[in-house]
Amino acid sequence: MKASNRLVARNTFFLYIMTGAKFILPLIITACLTRRLGPDAYGVISYLTPVMGYFILLFDFGFNFSATKKIAQNRGDREFIEKTVSAVYTAKIILVIAGLILLVPMILLVDLLRQNPTLTILYYAATAVQIFVPDFLYRGLEKMEGVTVRYITAKIVTAVLILIIVSDDDRIIMVPVAYLLGTAVSAFQTNRHMVRRMGYGFSLSGVREAVAELKESTVYFMSTFAGTALSITSTFVMGIVGMPTVEIAYWGVAFQVVQAVQSMYDPIATSIYPHVAKKKDHKIVLQVTVYLLPAVAAGCAVLYRLAGLAVNVIAGEEYLAAVPVLQHLTPMLLFSFVAQMLGFPLLGAMGKERETTLTTVVAAAVQIAGLAALAVCNVFSLDNLTILRNVTEFILMVLRILFSCSLVRQIRFNETVKEK
């Protein structure tokens, strides 16, 4: 096996360890919360979690692609890497301030947030602490083992705290506190490792350098933000149209399982991306996608058949109404795998960032238009939401397949010209 392929395999291995934690620990936390909180209280948590997903994407602003790519291409330049880390940290602080300005009118306009202002602000604080976890550095250096142990430690801290201090609806305020403390542990340990073990120092950069990073990563942000719109805008609109918190809870349970499955795709895409960005080896993405597609399809079929068992184990009998929601969402798991693999790991890494962004923006636009239509026609239901999510994910997949085919044809044409 080539050294570069061994590096990809090693990083994939460590990413899967971290993904295992992302898969298991959130489900454990969900199982605890659904059994200690009533559906109404858990519905509030189910709403706040995706709302904060918007801010997670705002704070990241595509740096996990733009900064990762730059670091992967300049691994031998320590000064460059340190300046990049410093500029990204400064940019993220600016984004946290901007996010807080956006949060205030959201609290005033959305009933569910206005009824829970303290809980909302604490969730925002827990989300903001994540800016000091430099995933982009470790991804660019393809040294994910450095962050994996610290990530798992932090999530275990969060899970243990929730198990200990959240006992009933009256203790719901402690949920974001546990997340805040767990994320703070992760940020402290990761930065300590980065400075003491890896030897990369950092400091806050000037505003000009931070703005330059923001401009460079804008195209990535547009794509990732639009992609998030596909996943969480449905939940956000539920609060706007006044859907009962119980139904939000059912959607939250079903989507928790969906996101857990989707998290298993991330290590593959994340480990391949810096390799393709540096080597321009597009074939590895296509090979991995083709090899794994049958396994993903089989997994979707199994999940459909065992949806009742999954919901019962994770959330309990009180949430069995989430079973048909989960079953109806399983097709999108297949579509999203293909779409994710052909996105930034292939098109983005091969210089087609704008095309990748375009596909996501188009799919997100369809999603938003569909949500508006459901609301206006007064047919905003869980069944119709699942249909819409499958349609938009299918559109995203088809668009990326078309652009990928165009890319491969272009590469083959260039190779033929060179041979002549």
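Please read all numbers here as calculations on a predicted model, not as lab measurements.

Each value, and the rule that gives it
Residue numbers here run from 1 along each chain, matching the order of that chain's written sequence. In keeping with the model being predicted, local features are shown solely for residues with a pLDDT of at least 70 and side-chain atom pairs are shown and tallied solely at 80 or more, while totals for entire chains, interfaces and linings include all residues. Hydrogens and water are ignored here; the side-chain numbers use all heavy atoms of the structure. A helix here means a DSSP run of H or I that spans at least four residues, while a strand means a run of E at least two residues long, and both kinds are numbered starting from the N terminus. Only C-alpha atoms enter the radius of gyration; for comparison, a globular chain is expected to reach 2.2 Å times N to the power 0.38, where N is the number of residues. Burial status follows relative accessibility: with a 1.4 Å probe on protein chains alone, a residue under 20% of its type maximum counts as buried, one over 50% as exposed, and anything between as partly exposed. The predictor rates its confidence in each residue with pLDDT, a number between 0 and 100. Between Lys or Arg on one side and Asp or Glu on the other, a salt bridge is scored when a side-chain nitrogen of the former is within 4 Å of a carboxyl oxygen of the latter. As used here, the term nonpolar core means buried Ala, Val, Leu, Ile, Met, Phe, Trp, Tyr and Cys residues forming a set that is joined through side-chain atoms within 4.5 Å. Contact between two residues is taken to exist if any of their heavy atoms lie within 4.5 Å; hydrogens are not considered. Aromatic rings from Phe, Tyr and Trp, taking only the six-membered ring of Trp, are treated as a pair when their centres fall within 6.5 Å; an angle between ring planes under 30 degrees marks them as stacked, one over 60 as edge-to-face, and anything in between as tilted. Between the first and last residue of a helix there are one fewer steps than residues, each counted as 1.5 Å, and that sum is the expected span. Structural elements are reduced to axes, namely lines fitted to C-alpha atoms, with helices fitted over the stretch in contact, and the angle between N-to-C directions of any two is expressed from 0 to 180 degrees. Orientation is classified from the angle alone, with under 35 degrees giving roughly parallel, over 145 giving roughly antiparallel, 65 to 115 giving roughly perpendicular, and any other angle giving oblique. With the far helix as reference, a near helix turned anticlockwise by less than a right angle produces a left-handed crossing, and one turned clockwise produces a right-handed crossing.

**Looking at the overall build of the protein**
- On a plain count of helices and strands, the protein comes out with 17 helices and 0 strands.
- In terms of overall dimensions, the protein is globule-like: its C-alpha atoms have a radius of gyration of 21 Å, near the 22 Å expected for 420 residues.
- Principal-axis analysis of the C-alpha atoms places the extent of the protein at approximately 65 × 45 × 40 Å.
- Each of the 420 residues in the protein was classed as buried or not, and the buried ones make up 53%.

**What about the confidence of the model for the protein?**
- Summing up the model confidence of the protein, the mean pLDDT is 83 and the portion of residues at 70 or higher is 91%.
- Looking at the elements of the protein, mean pLDDT is at its lowest for helix α1 (residues 3–36), recorded as 70, and at its highest for helix α6 (residues 117–128), recorded as 92.

**Notes on the pattern of salt bridges**
- Enumeration over the complete set of coordinates arrives at 5 salt bridges.
- Residues R114 and D111 are paired through a salt bridge, measuring 2.2 Å at the closest nitrogen-oxygen approach. Taken together, the positions of R114 and D111, both in helix α5 (residues 111–114) and 3 residues apart, correspond to about one turn of that helix.
- When its relative accessible area of 40% is taken as the criterion, R114 is described as partly exposed.
- Since its relative accessible area comes to 39%, D111 is described here as partly exposed.

**Some remarks on the nonpolar core**
- Counting 123 residues, the largest nonpolar core has F59 and L326 as its most contacted members.
- Ranked by residues supplied to this core, first place goes to helix α15 (residues 323–348) with 15 residues.
- With residues up to four places along the chain from it excluded, the contact list for L326 reads A254, V257, V258, L303, A307, A310 and V311.

**Describing the packing of aromatic side chains**
- Scanning the model with the defined rule gives 13 aromatic pairs in all.
- On the basis of an interplanar angle of 10 degrees and a centroid distance of 4.2 Å, the ring pair of F61 and F221 is categorised as stacked. Separated by 160 residues along the polypeptide, F61 in the loop between α2 (39–60) and α3 (63–73) and F221 in helix α10 (residues 207–241) bring together distant segments of the chain. Accessibility classification places F61 together with F221 in one group, the buried group.

**Concerning α6**
- For α6, with 12 residues, the first-to-last C-alpha span of 16 Å sits near the 16 Å given by 1.5 Å per residue.
- Within α6, burial applies to L119, T120, Y123, Y124, A126, T127 and A128.
- Contacts made by the buried residues of α6 are with α2, α4 (78–109), α5 and α9 (174–197).

**Let's talk about the packing of α3 against α4**
- Two numbers describe how α3 lies on α4: the axes approach to 10 Å, and their chain directions differ by 165 degrees. Between α3 and α4, the angle falls in the class roughly antiparallel. Handedness of the crossing formed by α3 with α4: right-handed. Contact residues: F63, A67, K70 and I71 in α3; F80, I81, T84, V88, A91, K92 and L95 in α4.

**Remarks on the environment of L100**
- Looking at the element boundaries, L100 is found in helix α4.
- For the pair L100 and A125, spaced 25 residues apart in sequence, the C-alpha separation works out to 9.6 Å.

**Digging into the environment of I94**
- Relative to the helices and strands, I94 resides in helix α4.
- We classify I94 as partly exposed; its relative accessible area is 31%.
- Separated by 314 residues in the primary sequence, I94 and V408 place their C-alpha atoms 39 Å from one another.

**Observations regarding the environment of R208**
- With respect to the secondary-structure elements, R208 resides in helix α10.
- Separated by 121 residues in the primary sequence, R208 and A87 have C-alpha atoms spaced 8.9 Å apart.

**As for the side chain of N390**
- Mapped onto the elements, N390 comes out in helix α17 (residues 382–419).
- A relative accessible area of 12% places N390 in the buried class.
- Setting aside its immediate chain neighbours within four residues, N390 contacts H328, L329, P331, M332 and F335.

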